[in-house]
Amino acid sequence: MESKPTTIPVSPNLHRFHGGLHLPTQKDMSVAEPLSVASLPEQLILPLQQHIGQNADPIVSRGDRVLKGQMVAKAPAYVSAPIHAPTSGTIREIGPMPVPHPSGLTAPCLVIEPDGKDEWIELKPVADYTQLDPISLRNRIREAGIVGLGGAAFPSAVKLNPGPSRKIHTLVINGAECEPYITCDQTLMSERADQVVQGIQIAMHALGVERCWIAIEDSMPTAHEGLSQAIAQCGDTKIEIKVVPTIYPTGGEKQLLKVLTGQEVPSNGLPSEIGVVCHNPGTIVAMYRAIAFGEPLISRIVTITGQGIASPRNIEALFGTPIAHLVAEAGGYQKGVERLIMGGPMMGFALHTDELPIVKATNCILAGQAGEIADPGHADPCIRCGACADACPADLLPQQLYWYSKSREFERAQDEYNLFDCIECGCCSYVCPSHIPLVQYYRFAKTEIRNAEVEKRKAEHAKERHDFRLERLEREQQEKAEAMRRKKEEIARKKADANKAASSDKPEQDAIAAAVARSEARKAEKAKQRAGTRTDNNAANDAKQAAIAAAKARAKANTEGSDSAKSQAEAAKQAAIEAAKKRAQQQAQPSASDKSADDARKSAIEAAKARAQAKQSANQRDSAGASNKQNAIEAAKQRALAKQSSAQEAPEGESKATDPKQAAIAAAKARALAKQQGEAANTAAESQAGDDPKKAAIEAAKKRALEKQSKASETDTNEEKPVDPKKAAIEAAKQRALAKQSGSNTASDDAPANSKQAAIEAAKTRALAKQQDNGDEASEPSSATDPKQAAIEAAKQRALARARDKSQQGSDDS
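Residues numbered from 1 in each chain as written. Predicted model: local features only at pLDDT ≥ 70, side-chain atom pairs only at ≥ 80, totals over all residues. Heavy atoms only, no water.

### Description of the sheet that holds strand β11 (residues 239-244)
Picture the strands of a sheet paired through backbone hydrogen bonds; they go either parallel or antiparallel.
Thinking step 1. The strand order across the open sheet built from four strands is β11-β10-β9-β12, with neighbouring strands paired in parallel fashion. The two strands at the open ends of the sheet, each matched to only one other strand, are β11 and β12 (276-279). Between one strand axis and the next, the sheet turns by 25° as a mean value, whatever way the strands run.
Thinking step 2. As paired elements, strand β9 (residues 170-175) and strand β10 (residues 211-217) share six bridges and run parallel to each other. Along β10, the bridge assignment pairs V172 with W213. (Pairing = 2+ DSSP bridges. Helix = DSSP H or I, 4+ residues; strand = E, 2+ residues; numbered from the N terminus. Axes fitted to C-alpha atoms, helices over the stretch in contact; angles between N-to-C directions.)

### Comments concerning a nonpolar patch on the surface
Thinking step 1. A cluster of nonpolar side chains, I52, Y78 and V79, forms an exposed patch at the surface whose accessible area comes to about 240 Å².
Thinking step 2. Structurally, I52 is set in the loop between β2 (44-47) and β3 (57-58). (Patch = residues over 30% accessible without salt bridge, like charges linked within 9 Å, V, L, I, M, F, W, Y side chains within 5 Å. Areas by Shrake-Rupley, 256 points an atom, 1.4 Å probe, with all protein chains shown as cover. Salt bridge = Lys/Arg side-chain N within 4 Å of Asp/Glu carboxyl O.)

### Considerations on the nonpolar core
Thinking step 1. In this structure, I146, L171, I200, I214, I216, L227 and I239 are the most contacted members of the largest nonpolar core, which totals 61 residues.
Thinking step 2. If we ignore the near neighbours within four places in the chain, the residues touching I146 are I141, P155, S156, T283, A286, M287, A290 and L297.
Thinking step 3. The next biggest cluster of nonpolar side chains, apart from the first, holds 19 residues, and it includes Y404, A413, Y417 and I436. (Core = buried A, V, L, I, M, F, W, Y, C linked by side-chain atoms within 4.5 Å. Buried < 20%, exposed > 50% of the residue type's maximum accessible area, 1.4 Å probe, protein only. Contact = heavy atoms within 4.5 Å.)

### Quick notes on the pairing of strand β15 (residues 337-342)
Thinking step 1. In this structure, β15 lies alongside strand β17 (residues 364-369), joined through five bridges in antiparallel fashion. Residue pairing in the sheet places L340 in a bridge with A367 of β17.
Thinking step 2. Here β15 runs beside strand β16 (residues 349-350); their pairing, made up of two bridges, is antiparallel. Looking at the pairing, M342 lines up with F349 of β16.

### Comments concerning the sheet that holds strand β14 (residues 313-318)
Thinking step 1. In spatial order, the strands read β1-β14-β13-β17-β15-β16; together these six strands make up an open sheet with mixed pairing. Lying at the two open borders of the sheet, with one neighbouring strand each, are β1 (36-37) and β16.
Thinking step 2. Here β1 pairs with β14 via two bridges, running parallel. If you follow V37 over to β14, its bridge partner there is E316.

### Overview of the side chain of T303
Thinking step 1. On the secondary structure map, T303 appears in strand β13 (residues 299-305).
Thinking step 2. A polar contact is formed between the side chain of T303 and the backbone nitrogen of C184, at a distance of 3.1 Å.
Thinking step 3. Non-local contacts of T303, meaning those with residues more than four positions away in its chain, are made with S30, Y181, I182, T183, C184, R313, N314, N363, C364 and I365. (Polar contact = N/O pair within 3.5 Å; in protein donor to acceptor, adjacent residues only side chain to side chain.)

### Quick notes on helix α2 (residues 134-143)
What sets the pattern is the α-helix's 3.6 residues per turn: residues three or four places apart point alike.
Thinking step 1. All of the buried residues along α2 are L137, R138 and I141. Each buried residue of α2 sits inside an arc of 95° when the element is viewed along its axis, so together they form one side.
Thinking step 2. At the exit of α2 stands G145, carrying a positive phi of roughly 75°. (Arc of directions from axis to C-beta.)

### What about the environment of I135?
Thinking step 1. Topologically, I135 is positioned in helix α2.
Thinking step 2. Residue I135 is classed as exposed on the basis of its relative accessible area, which comes to 52%.
Thinking step 3. Sequence separation between I135 and L207 is 72 residues; the distance between their C-alpha atoms is 10.0 Å.

Below you can see the structure in the form of structure tokens.
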């Protein structure tokens, strides 16, 4: 006998929605027995598609041993759910197997062979769920694989996350199990009401809602009683029980919200749009066990009922358990079973075998006998009675949907008549007098539309890939063309840089070559200078030896007396002549500059020796008396002649030598050595002359003549610097003036009997010096028409004239 539950007064319009049917409940047969737990079957078949959304991906392999509660397939997307092993055992097969579906097709499955140990994995319970934030709660619920157990199997974690733009104020627990025969939710709320209430508190914490309504039918007195006691024990005043009339399909989500709130969910909308979230009692209990015990969703309560079952009841069974095993747990089949249905008589679908497994969406297995479930029979044409429109709880036009679905005008059925608002409750088919399977037509239309959308998405995706490929190929071609262009530009740039570098390096290379040539020339010049320096050193040594020999000769001449003066003068003259001849012969032969320099040096040494001997003879004659004066004059003349000959022959040798400049330098060096020797001889003569003023004047004049000759020689050696004729004449005049002054001074100092003779000797000496100077200047290479040579010749003539005048004046004075 059914007890009428106490109801909460609500507005009249909340108690009724459009359409609906009063159907016989047929619930008493399954609630007569207490809830039981099914035993382990021989194998468990786990389809990878047990929820709305994308299939789970297996993460185990064939032959792997798994533990109870271990994840065997992961969720690849947000709208999906993982699958866990219901017990411990071994993975025997992974592949397509028959699954419970209206199409009767196969789908990917995992087959587990239980080992009987029922060994759990390590669980991670939460002692106080209030310490977890909503995100952590949702993640745990998602990892537990919890979905809606009312029949839709929508992932529960997605429902717990409506988004920040939607404010949720009410949580509704849909316990209005309106379809006949099904009592699994009623049994759960009656026997596990405390777990339902604790699960509600966890969901409210995750959603942050203000209140929770538990909707039950007025035909569920035991459920109402159990929930009332559980709410009283927890003391949570935010949880209320709402009793609704048992009218089919009050358990529909949109219909229930219409009854409770008076609001309608928008077409193609969600309850969250009006601030409400709905969950099934079995889903709420699964949330509680996932948080409080750390258990994933691996089982559920299934109603095994119908006149074809020996002992109808509610059984808690593991997912993957074959239907035949559960029927056996309920006492087996009765005779006369004609149909086996998964779900209720209104919304369920027939199964072609009982070897199919139960899944997360399986709430009832109905085995009907003949006459228990009406056979729709043969469908007749529609008579346009409109009964279907009156019974439709969604307030649709089933007749129009049927016509457009049958004619495959799916777009009109979807857009104009809101095909997807149909909840497939079956009221239209139940009341149709023509027995037209209207719901099957609607399901067909929905499937075709979904398939078309899938194909459209695939085509769009393929088009995107094709367009992307074309863009990629075009981009690659452009990149190749650009790379080729850059490469050509780089090659051209390098070629231009190379040409530019070559053109810019040519002057630099020429400059480097010129610098190298100059460096080589300087090196050669330095080498010649070093050779000349070595020659000068040798010449200095020779001069030193010559000076020593001259000193020895003077000493010997002093001991021999005046008789040998004449013979010495003759010997000096002959030596000078021989030296000149020798130099001429050597210069006539082609030789190097070093050989010419050596010959010039040897000639200079011979001339110096002759001059030293002549000086010695002159000194001896002066000491012997007046008779030797004439011999001294002759000796001086011989020396002057020898010097002149040496000076004249040296330029000739230079002109003939292979290197005139080196020959001139060697001659200048030889004259300098001769000058030094002459100075040494003069010094010795002065020391022997004593206080004789006449001899001193003569020696001074000779010294000046030698200095003048040396300066002229040095001037001749500088070939690179031309000699100004005017300056040469001026210099010669200066020398003559000095000579005159010296002569006049000597005459005034030596006024006695020898003054006249001294003046004569001085004039002769100056004339010889001038002649020697003119001879040295004439030795420079010049042409007859050279103005410099002409000036020198003129100076010579003037000097000779002055010398003759003075000689004549001296003779007159005497």
